[in-house]
Amino acid sequence: MAAPCPTGVSGGRGGGAAALRRRAPPLLLLLLALLTCCVRCAESMKPSNVVVVLVDDQDVTLGGMTPMKKTKELIGEAGATFVNAFTVTPLCCPSRSSILTGRYPHNHEVRNNSLSGNCSSVQWQQGPEALAFPVYLSKQKYQTFFGGKYLNQYGRKDAGDVSHVPPGWDQWNALVGNSQYYNYTLSVNGKAEQHGDSYEKDYLTDLILNRSLSFLDDRSPQHPFFIMLAPPAPHSPWTAAPQYQKEFGNVQAPRDGSFDKPGKDKHWLLRQPVNPMPNSSITFLDNAYRKRWQALLSVDDMVEKLVKKLDSIKELNNTYIFYTSDNGYHTGQFSLPIDKRQLYEFDIRIPLLVRGPGIKPNQTIKAPVLNIDLASTFLDISGVNLSTANMDGQSFLAQMAPSLRNGTVRPFFLVEYTGEGNPTKDPTCPKLGPGVSQCFPDCVCEDAFNNTYACVRTLDGKQDLQYCEFADSESFVEVYNLTSDPHQLENIVKKVDPAILQAMNQRLIKLQSCVGDSCRNIK
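Keep in mind the model is a prediction, meaning the values are calculated, not measured.

A.B. asks: Would you take a moment to explain the packing of helix 9 (residues 204-218) against helix 10 (residues 279-312) for this structure?
C.D. replies: A pair of packed helices can be characterised by two numbers: the angle between their axes and the separation between those axes. Closest axis-to-axis distance for the helix 9/helix 10 pair is 10 Å, and the angle between their directions is 10 degrees. In terms of axis orientation, helix 9 runs roughly parallel to helix 10. Contacts between helix 9 and helix 10 involve Thr205, Asp206, Ile208, Leu209, Ser212, Leu213, Leu216 and Asp217 on the former and, on the latter, Ser298, Val299, Met302, Lys305, Leu306, Lys309 and Leu310. When grouped by side-chain class, the residues that make up the contact of helix 9 with helix 10 number 8 nonpolar, 3 polar and 4 charged.

A.B. asks: Help me out: how do you make sense of the pattern of salt bridges in this one?
C.D. replies: Pairing of side chains with opposite charge becomes possible as their charged atoms draw close. For the structure on display, the rule yields 25 salt bridges. Taking the shortest distance from any N to any O, the salt bridge between Glu304 and Lys70 comes out at 3.1 Å. Of this pair, Glu304 sits in helix 10 while Lys70 sits in helix 3 (residues 69-76); the two residues are 234 residues apart in sequence, bridging distant segments of the chain. For Glu304, a relative accessible area of 22% corresponds to the partly exposed category.

A.B. asks: Looking at this model, I keep getting lost on the packing of aromatic side chains. Mind explaining?
C.D. replies: Two numbers describe a pair of aromatic rings. These are the distance of the centres and the angle of the planes. Taken as a whole and assessed by the stated rule, the structure comprises 31 aromatic pairs. Between Phe86 and Phe413, the ring centres sit 4.9 Å apart and the planes meet at 45 degrees, which makes this aromatic pair tilted. Placement of Phe86 in strand 3 (residues 85-86) and of Phe413 in strand 15 (residues 412-417) is noted, with a sequence separation of 327 residues between them. With respect to burial, Phe86 and Phe413 carry one shared label: buried. Taken together, a centroid distance of 5.2 Å and an interplanar angle of 55 degrees make the contact between Phe334 and Tyr344 tilted. In this pair, Phe334 is assigned in the loop between strand 10 (330-331) and strand 11 (338-339) and Tyr344 in the loop between strand 11 and helix 11 (345-348), connecting sequence segments 10 residues apart. Each member of the pair, Phe334 as well as Tyr344, carries the same accessibility label: buried.

Criteria and thresholds
Residues numbered from 1 in each chain as written. Predicted model: local features only at pLDDT ≥ 70, side-chain atom pairs only at ≥ 80, totals over all residues. Heavy atoms only, no water. Axes fitted to C-alpha atoms, helices over the stretch in contact; angles between N-to-C directions. Helix = DSSP H or I, 4+ residues; strand = E, 2+ residues; numbered from the N terminus. Parallel < 35°, antiparallel > 145°, perpendicular 65-115°, else oblique. Contact = heavy atoms within 4.5 Å. Nonpolar A, V, L, I, M, F, W, Y, C, P; charged D, E, K, R; others polar. Salt bridge = Lys/Arg side-chain N within 4 Å of Asp/Glu carboxyl O. Buried < 20%, exposed > 50% of the residue type's maximum accessible area, 1.4 Å probe, protein only. Phe/Tyr/Trp six-rings, centres within 6.5 Å; stacked < 30°, edge-to-face > 60°.

Listed below in structure tokens is the structure:
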């Protein structure tokens, strides 16, 4: 936030300035004082800077933040930790599209990670992307930098190739395709840049950090900056930096809660996995769990180096730093080895830590916050009139820094997902029919066409409920009381008062068709 303008000016050194004061008339002295104040205040009156670290697939319910000791200290303990932060869709591309636009998937129309599902398609580029938050920040004279994974299909030749640089970004260092740590292609301001397997030259987490530090060195101090870093960790292939590849050797995925529990009374996809899981699946998921933590250690270093850099250039106190993920993750819950895409807490809850001007340290904020709220919050910080932006989310600046804004808390919200499946049988899993996907390890499928659902999540201090409807041949419904059943072990749809089910159904119908203000004002 802008620093207050000084009420007076200090005298200059030497006889010239003192002599001028003795000779100058009072009106001239006043003008000189005002001019000095304006010059000194010009930089301090600029809007606050923003830095965002957006990781890939980091859970918060299964210990995903455990390796992030520096991040928790430098952001969480120095600011606010949101313990009820959610993605509105638990998959990379639609979630990132929601972060960029501030919209639910039914409004930005990115349904999944495929080009046919509108991920970084020409339709996306011509529509929602042209109204994403960087466009507004650019109009506010922000200097903008992007580094890392953008959208899963970004850089495809049939969708603009690497020459497509989304509007609003001044410096663009975007990964072509899905997360990689080595042997990838970057679009550097619209030109392809090939990378190999040298840790010093190519490790993506470190590379985008170093380029962002150079961006800070080269920036104009007269204008604010916005930096978004999207490292690949902890997404597969879970490649840790060499110095971290032996860490957490004795760590295994947590065995409590819904780990290796049968998907009883759940939708079709959850009724398919073998229970209990074979040892091969458990070995696989434990290995993935350890490697995810190892890969995150470089992100923890990234946060530390960013904070030190901001401090060294005297911008730390005027910079908001956000740390979050696009979605959660699971490792063995309901006998699903590894992935996201499900409606359950482990996949929809995300980490969210923020520090910055006006945010008191060591805050724990319980009010629900969604990833569609990030864009509105960035614009709120930058001074944009939010009524001019067609976004479904709302700024949560007031919840972090109540003295800065008046805000409202939403009592319920929407989570929606469109399942992906293969039109033909998977030859590696001959017993399975078409319509499923992500069938690994041991031919356990993590997605299917009929894994298409919409949920209304109620979290208002009195009720902690989830109501979900599936677009499948069974018209399946799942309902959970998370106060008494935090691990969602029992689907209580047959036990709930029909009046409550009807009320939840009506809320869901309204949320699925909401746009902008109507998404925030449903009763």
